[in-house]
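Examination of the molecular architecture
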Amino acid sequence: MSFTPSLLPKLIETVTETIIKNAGEITALDQAIGDGDHVTNLQRGLTALMAQRSEISQLDWPAAWQKIGMTVMTSVGGASGSLYGTLFVAMSKSAAGKDLNVQSVAEAFAQAVEAVKHRGKSDVGEKTMLDVLVPVAKHLQDAAAVSLPLSALLEQTKQVAITGMESTRDMLATKGRASFLGERTRGHIDAGAMSSQLVICALVDVLLANLTAPAQ
Ligand code: ADP
Ligand code: MG
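Remember, it's a predicted structure, so these values are computed and weren't measured experimentally.

Thresholds applied
Residues numbered from 1 in each chain as written. Chains lettered and ligands numbered in written order. Predicted model: local features only at pLDDT ≥ 70, side-chain atom pairs only at ≥ 80, totals over all residues. Heavy atoms only, no water. Core = buried A, V, L, I, M, F, W, Y, C linked by side-chain atoms within 4.5 Å. Buried < 20%, exposed > 50% of the residue type's maximum accessible area, 1.4 Å probe, protein only. Helix = DSSP H or I, 4+ residues; strand = E, 2+ residues; numbered from the N terminus. Expected span 1.5 Å × (residues − 1). Contact = heavy atoms within 4.5 Å. Polar contact = N/O pair within 3.5 Å; in protein donor to acceptor, adjacent residues only side chain to side chain. Arc of directions from axis to C-beta. Near = heavy atom within 4 Å. Areas by Shrake-Rupley, 256 points an atom, 1.4 Å probe, with all protein chains shown as cover.

1. Regarding the nonpolar core
Grouped together as the largest cluster of nonpolar side chains are 61 residues, with contacts concentrated most on F109 and V113. Considering every element that reaches this core, the biggest residue donor is helix α9 (residues 191-211), with ten residues.

2. Regarding helix α4 (residues 61-75)
Given a rise of 1.5 Å per residue, 15 residues ought to cover 21 Å, and the 21 Å separating the end C-alpha atoms of α4 matches this to within 8%. Here α4 has its buried residues at W61, P62, A64, W65, I68, G69, T71, V72 and S75. Looking at the buried positions of α4, the neighbouring elements they touch are α1 (8-21), α3 (38-56) and α5 (78-95). Regarding α4, its N-cap is D60, as a side-chain oxygen of that residue lies 2.9 Å from the backbone nitrogen of A63 further along. G77 occupies a position one or two residues after α4 and carries a positive phi of about 75 degrees.

3. A look at helix α2 (residues 23-33)
Residues A23, I26, T27, L29, D30 and I33 constitute the buried set of α2. All buried residues of α2 project into a common sector of 160 degrees when viewed along the axis, lining one side. Facing away from the buried surface of α2 by more than 90 degrees, the exposed residues are G24 and Q31. Looking at the packing, one finds that the buried side of α2 touches α1, α3 and α9.

4. Some remarks on the site of ligand 1
Neighbouring residues of ligand 1: 20 residues in total, closest N41, A79, S80, S122 and D190. A distance of 2.8 Å separates an oxygen atom of ligand 1 from a polar backbone atom of A79. Contact distances for ligand 1 include 3.0 Å between an oxygen atom and a backbone N or O atom of M129. Against a free-state accessible area of 560 Å², the protein chains account for coverage of 92% of ligand 1. Every element with two or more residues in the shell around ligand 1 is listed here: α3, α5 and α9.

Function cannot be inferred from these measures alone, as they are strictly geometric.
As structure tokens, this is what we get:
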């Protein structure tokens, strides 16, 4: 794969900046239909990842995803900690020992999203992060299958993530804390859908910026 784990410090820094920049908005969403701790949870994980970022960048991708997943699971807390942690650990398991290319990474991501579904006993349409993760996984697999150029695949990924996040606004929450509020959840975007959209768009922006950058 053309992207190497040497990009990880930049990826982690950019995700951290994005979450800080949008902290007020994500917190307001989690306060509206959850308990308001989503950003604090994420920031604990990002602080731990920031401390490990140069160490992680020395690993290969599957080992890096495994370490990221374990760090997220042990530091984030909340429902999102085990779900985001599961995503990275499962991605690592699926990618281990494979030749990494767009197709195998798309496949690994799709399997990781299946693992998140299993872990959360949930699926698309329940007003969670899965409303972003599931369409993004499908888009990556579809784009890989037709060998869409990487720049187009990445650009479209951002749009798919935003559309997925927006789709949660009018949904009724049936999983997680928000489900306790029933009909009152309609009209609010899900906090986890917003954070996963922001993380995906931040990661994609770093990848796009490094797509055309001269080799170092
Ligand atoms: P908690 O709900 O424990 O306070 P967070 O606030 O960190 O944890 O994360 C809440 C987010 O986690 C929700 O906005 C939603 O996107 C996601 N989530 C919660 N439960 C589930 C589930 N069962 N399946 C998928 N995602 C879930
Ligand atoms: Mg919460």
